Amino acid sequence: MSNSGDATVINDRYEIHKRVGRGGMADVFLARDLLLDRQVAIKILFPEFAIDPNFVERFRREAQAAANLSHPNIVNVYDWGKYEGTYFIAMEYVSGHDLGKVMNRCLEKGITLPVPHAVFICIEVLKGLEYAHKRQVMRDGRPVPLDIVHRDISPSNMLVSSQGEVKITDFGMAKA
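Residues numbered from 1 in each chain as written. Predicted model: local features only at pLDDT ≥ 70, side-chain atom pairs only at ≥ 80, totals over all residues. Heavy atoms only, no water.

Asks: I'd like a rundown of the pattern of salt bridges, residues and numbers included.
Replies: This model, assessed by the stated rule, comprises 7 salt bridges. Note that R60 is salt-bridged to E57, the shortest N-O span being 2.4 Å. Of this pair, R60 and E57 both sit in helix α2 (residues 53-67), 3 residues apart, which is roughly one turn of the helix. Under the relative-accessibility criterion, R60 is labelled partly exposed at 27%. Classification of E57 by relative accessible area gives partly exposed; the value is 33%. Put simply, K127 and E124 hold a salt bridge, and the shortest N to O gap is 3.0 Å. Residue K127 and its partner E124 are located together in helix α4 (residues 115-134), separated by 3 residues, close to a single helical turn. Among the residues examined, K127 registers a relative accessible area of 39% and is labelled partly exposed. (Salt bridge = Lys/Arg side-chain N within 4 Å of Asp/Glu carboxyl O. Helix = DSSP H or I, 4+ residues; strand = E, 2+ residues; numbered from the N terminus. Buried < 20%, exposed > 50% of the residue type's maximum accessible area, 1.4 Å probe, protein only.)

Asks: Hey, could you go over the layout of surface pockets for me, with residue numbers and the actual values?
Replies: The calculated volume of the largest pocket comes to roughly 700 Å³. The wall of the largest pocket is formed by 27 residues, among which G21, V28, S156, L159 and T169 lie closest to the centre. Split into classes, the residues belonging to the lining of the largest pocket amount to 10 nonpolar, 9 polar and 8 charged. (1 Å grid on protein atoms, 1.4 Å probe; cavity = no way out; pocket = protein on both sides within 12 Å on 5 of 7 lines; lining within 4 Å. Points joined across faces, edges and corners; volume = space filled by probe spheres on them. Nonpolar A, V, L, I, M, F, W, Y, C, P; charged D, E, K, R; others polar.)

Asks: So what's going on with a nonpolar patch on the surface? Residues and values would help.
Replies: A surface patch of nonpolar side chains, about 260 Å² in accessible area, is lined by V115, V119 and I123. Mapped onto the elements of the fold, V115 is located in helix α4. The exposure class of V115 is exposed, given its relative accessible area of 61%. (Patch = residues over 30% accessible without salt bridge, like charges linked within 9 Å, V, L, I, M, F, W, Y side chains within 5 Å. Areas by Shrake-Rupley, 256 points an atom, 1.4 Å probe, with all protein chains shown as cover.)

Asks: Now, about the packing of aromatic side chains: what can you tell me, with residues and values included?
Replies: Aromatic ring pairs are defined here through the distance separating the ring centres and the angle between the ring planes. Under the defined criterion, the tally for this structure stands at 6 aromatic pairs. Aromatic side chains F59 and W80 sit 6.2 Å apart centroid to centroid with 55 degrees between the ring planes, which places their arrangement in the tilted category. Here the residue F59 occupies a position in helix α2, and W80 occupies one in strand β6 (residues 77-83), the gap between them amounting to 21 residues. Look at W80 and you get partly exposed, because its relative accessible area is 31%. Seen from their ring centres, W80 and Y87 are 5.4 Å apart, and the 10 degrees between their planes marks the pair as stacked. A relative accessible area of 15% means that Y87 is categorised as buried. (Phe/Tyr/Trp six-rings, centres within 6.5 Å; stacked < 30°, edge-to-face > 60°.)

Put into structure tokens, the structure is as follows:
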């Protein structure tokens, strides 16, 4: 990791700008991919988990499971790597909020999510989950199903972009 002025740069490629999220295992940052000149989200495993092989394997599995999926309703994973004793995943940046925050804002205002909007979100999530479960890859010249099951579908793992797109994230608990 290096410093470029005030910004931190991971592996001479990802310039970190600001933290945009925090989960149980990692922080998520808005960053710029300097090589491809695009915004990305960088998920950085907490250092205390980077010393536990089980957490590292779960983090790697998340990157690998999602990297094998390319669907409009699944966050794209671009890269995975190690830096300064911990690990990171570079992925598509979705400008917006997770569904949990959207629902909390509705509750704070004393309103419910409109039924057509809620149904739309459910359908988009189901499209992504169906794709993940039915996805096949070619091995030895024949299609092999990946059969990826997310296993951690919750409002915090569903992102709603400012354009209304719905994307599933966090395949850390996924099983094939």
